[in-house]
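Observations on the model geometry
Below are the chains, spelled out letter by letter.
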Amino acid sequence: MKLFLLPIVLGCFIAGCSNEIADKISLANYTEVGTYPIVQEGETVSFTAFAPLRPSVTTYETNPFTAYMEDLTGVTIDFIEVTGADSKQKFNVMMTSGDYTDVILDMSLGLSELLLYGQQGIFLPLNDLIDQYAPNIKKALDENPMVRNNWTMEDGNLYVVPRIGGATHSQTSYRMWLNQQWLNNLNLEVPETTEEFYQVLKAFKEQDANNNGDPNDEIPLSGSIKAWNGDPMPFILNAFIPASPSTGYINVDANGQLYYVKASPEFKEYLKYMNKLYSEGLLDELVFSQGKDELLKLGSNPEISILGATGGGSASVIANIADKDRWTQYIALPPLEGPEGVISAAHTPNYGMSSMVITNKCQNPEAVMRYFDYMYTAEGRIFNTLGFLNEGRYVLAPEGAVNLINEPAKYTRISGDQVTNLSWNSMGPLYNWDGYELEFEVTQPPEHDIEYVLYNSAVNDYLPVAQDEKTMLPKLAYNTEESRIIVDIVTNLNLYVDQAVAEFITGKKDIDASWDEYIAQLAKLGLAEYLAVNQSAYDRKMESLN
């Protein structure tokens, strides 16, 4: 949003956009769509691309996958390479100067930016190009209508080719990790409700759960807002009301009206539950302040575990994954049932990632579209991400190897440590179709393979109760005035809410006595206007899809 509001010089963008590197070629010089090479023998095509470097990639120019794609397609790319740390700044400078490339890759451009540049004519609409020249991309979008809808603007255009799909477990990555060894030590069952969870934490605190003779060194529940999804709030809150950080805690009711979860009666009840945990010493007082390293140190305490439970996207928030003796003591706790019977999981739907745009400098957008259409094939995806079989980071799986669901595996991943330039390492648009993860072998026993644990906890426990996408605020495009309103409001609103939540949970403020004051302050900070802006953008989005 900050990028969207940066001053940009648009006047020079529309005029003088002739491409000095590549000439326009006749469509007659292309081969049949879906075949390779893309151009007829003797014809050459090139385009420029702004491309942030990926980890383990020092250059795209001499990368073996680059060479492979040139041989396959007959098309060359002149890369403008930037480091990931510098990419945003250099992108802004490039766009402001008007001297931008034919193609822009992996800038994670938001809907508002895409709409702005698209309506200025800087980014080309891609609908027809996809329909005519990219059968694999079209098929992927048809198979993922939610992704297509997310990136279709209110003017009906797609200005970006999205990267589609990702790790299944990333859709429900707000997990709770619970010490199974402590449950065993105390002869306790895995809790299924918030009340049972409270009783387990109470037992952890009072009954020397780690069996070291010291009943006072256990920390029942901790977390860190700075670790990967290490805040325990989303997991516990979903036992009171379906809610997801990915929406900014804005839900959609049955009538299509937006409301703020953190101003709801259910949120108030959640705060009371958390205050109960805190006041009884079951919730770590450092949960609001400690960093990810402190949480990792807590989970990796030498000799014996002292941590009962924590939020986290993976067990890596507890211990190094190589330390199997420690992290395998924990299970990914299934979502709990709350006092009113709610069972839900915070959801991050796979809306796709903004990956490739074609600018009005490009003389041969047909060639660009056909070039990247290859990345939506199974072969293109794995070559881009892991390199070539036996030369990259995977080999054929041995006989008897099994995958995430104990079926025969196709490939075995090999370590990529200190290996560079084997592939593009997932740069650019790609299609990670549902089930692509099942191609790979898991280590034995599978319970010691973190990918096995994450995948199966997601599929079996979290995704079946994940917040319904229809109740979640989707990604939206805002006009300039709407963006200014949101920027002015959202920072102060979030700062206040974070402070108030901490004060309610720690007991610095009485929840019942101060709740009305809290709601009034949200109003003063512009909550109603914030919701109204989102409602307008949401209504436009829904209307454009009907």
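Right, let's walk through the structure included here. This is a predicted model, so every value here is computed, not measured.

On a plain count of helices and strands, the protein comes out with 20 helices and 13 strands. Its C-alpha atoms give the protein a radius of gyration of 26 Å, within 12% of the compact-globule value 24 Å for 546 residues. Split into buried and exposed, the 546 residues of the protein put 53% on the buried side. Long-range contacts, defined here as pairs at least 24 residues apart, represent 76% of the contacts in the protein between residues at least 6 apart. Element-wise, carbon and sulfur atoms account for 49% of the exposed surface of the protein, whose accessible area totals about 23600 Å². Taken as two groups, the 35 positive and 73 negative side-chain charges of the protein have centres that lie 4 Å from each other.

All of the buried residues along helix α17 (residues 450–462) are Ile450, Tyr452, Val453, Leu454, Tyr455, Asn456, Ser457, Ala458 and Tyr462. Lining the buried residues of α17 we find β5 (175–179), α11 (233–237), α14 (324–327) and β10 (330–333). Its side-chain oxygen 2.9 Å from the backbone nitrogen of Glu451, Asp449 forms the N-cap of α17.

Now for a negative patch on the surface. Among the surface-exposed residues, Glu189, Glu192, Glu195, Glu196 and Glu337 lie close enough to one another that they form a single negatively charged patch. Here Glu195 shows up in helix α10 (residues 194–206). Exposure remark for Glu195: the relative accessible area of 41% places this residue in the partly exposed category.

Below, the discussion takes up helix α4 (residues 87–97). Burial in α4 covers these residues: Ser87, Phe91, Asn92, Met94 and Met95. Within α4, the buried residues cover an arc of 165° as seen down the axis, which keeps them to one side. Set apart from the buried face of α4 by more than 90 degrees, the exposed residues are Gln89 and Val93. Just downstream of α4 lies Gly98, where phi reads positive at about 85°.

Right, let's talk about the sheet that holds strand β3 (residues 103–105) for a bit. Spatially, the five strands line up as an open sheet ordered β2-β1-β3-β11-β4, and their pairing is mixed. The sheet terminates laterally at β2 (75–82) and β4 (161–163), the two strands that pair on one side only. Strand-to-strand, the axes of this sheet are offset by a mean angle of 25°, without reference to chain direction. Here β3 runs beside strand β11 (residues 353–358); their pairing, made up of three bridges, is antiparallel.

Further remarks concern the packing of helix α18 (residues 480–506) against helix α19 (residues 511–524). Across the interface, α18 lies against α19 with an axial gap of 11 Å and an inter-helix angle of 180°. Classified by the angle their axes make, α18 and α19 are roughly antiparallel. Note on element contacts: α19 touches α18 through Ile511, Ser514, Trp515, Glu517, Tyr518, Gln521 and Leu522, opposite Leu493, Tyr496, Val497, Ala500 and Phe504. Along the lines of polarity and charge, the residues of the contact of α18 with α19 split into nine nonpolar, two polar and one charged.

On the basis of which strands lie adjacent, the open sheet formed by four strands has the order β6-β9-β5-β10 and mixed pairing. The open sheet is flanked by β6 (219–222) and β10, the only strands paired with a single partner. Strand-to-strand twist across the sheet, computed as the mean angle between neighbouring axes with direction ignored, equals 20°. Alignment of β5 against strand β9 (residues 307–312), held across four bridges, turns out to be antiparallel. Residue pairing across strands places Trp177 opposite Thr310, the latter belonging to β9. The strands touched by helix α13 (residues 292–299) are β6 and β9; relative to β9, the strand with the most contacts, the crossing angle is about 145°.

On to the nonpolar core, then. Ranked by internal contacts, the top residues of the largest apolar core, which has 73 residues, are Phe123, Met369, Tyr371, Phe372 and Trp424. Not counting residues within four places of it along the chain, the set of residues in contact with Phe123 comprises Met95, Ile104, Leu109, Leu114, Tyr117, Gly118, Tyr159, Val357, Ile358 and Thr359. With 65 residues, the next largest nonpolar core counts Leu282, Tyr462, Tyr518 and Ala537 among its residues.

Note that the residue after Tyr36, namely Pro37, is joined by a cis bond; omega there is 0°. Within the secondary structure, Pro37 is located in the loop between α2 (11–14) and β1 (45–52). That bond from Gln444 to Pro445 is cis: its omega, -5°, falls within 30 degrees of zero. Along the polypeptide, Pro445 turns up in the loop between β13 (411–413) and α17. Positive phi values are uncommon outside glycine, yet Tyr249 reaches one of about 60°. Among the secondary structure elements, Tyr249 is positioned in the loop between α11 and β7 (250–252). By relative accessible area, which is 9% here, Tyr249 ends up buried. Even without being glycine, Asn406 reaches a positive phi, approximately 65°. Mapped onto the fold, Asn406 is located in the loop between β12 (394–396) and β13.

Direction vectors running N to C along helix α7 (residues 135–143) and helix α15 (residues 365–373) enclose 65°, while the axes themselves pass 7 Å from each other. Here α7 contributes Pro135, Asn136 and Ile137 to the contact with α15, which in turn contributes Met369, Phe372 and Asp373. Within the contact of α7 with α15, the residues separate by chemical class into four nonpolar, one polar and one charged.

The next point concerns the side chain of Ser426. Topologically, Ser426 is positioned in the loop between β13 and α17. With a relative accessible area of 19%, Ser426 lands in the buried category. In contact with Ser426, other than residues within four places in its own chain, are Arg54, Asp106, Arg163, Asn384 and Thr385.

Thresholds, definitions, all that
- Residues numbered from 1 in each chain as written.
- Predicted model: local features only at pLDDT ≥ 70, side-chain atom pairs only at ≥ 80, totals over all residues.
- Heavy atoms only, no water.
- Helix = DSSP H or I, 4+ residues; strand = E, 2+ residues; numbered from the N terminus.
- Rg over C-alpha atoms; globule rule 2.2 N^0.38 Å.
- Buried < 20%, exposed > 50% of the residue type's maximum accessible area, 1.4 Å probe, protein only.
- Contact = heavy atoms within 4.5 Å.
- Areas by Shrake-Rupley, 256 points an atom, 1.4 Å probe, with all protein chains shown as cover.
- Lys, Arg positive; Asp, Glu negative; His and termini not counted.
- Charge placed at Lys NZ, Arg CZ, Asp CG, Glu CD.
- Polar contact = N/O pair within 3.5 Å; in protein donor to acceptor, adjacent residues only side chain to side chain.
- Patch = residues over 30% accessible without salt bridge, like charges linked within 9 Å, V, L, I, M, F, W, Y side chains within 5 Å.
- Salt bridge = Lys/Arg side-chain N within 4 Å of Asp/Glu carboxyl O.
- Arc of directions from axis to C-beta.
- Pairing = 2+ DSSP bridges.
- Axes fitted to C-alpha atoms, helices over the stretch in contact; angles between N-to-C directions.
- Parallel < 35°, antiparallel > 145°, perpendicular 65-115°, else oblique.
- Nonpolar A, V, L, I, M, F, W, Y, C, P; charged D, E, K, R; others polar.
- Core = buried A, V, L, I, M, F, W, Y, C linked by side-chain atoms within 4.5 Å.

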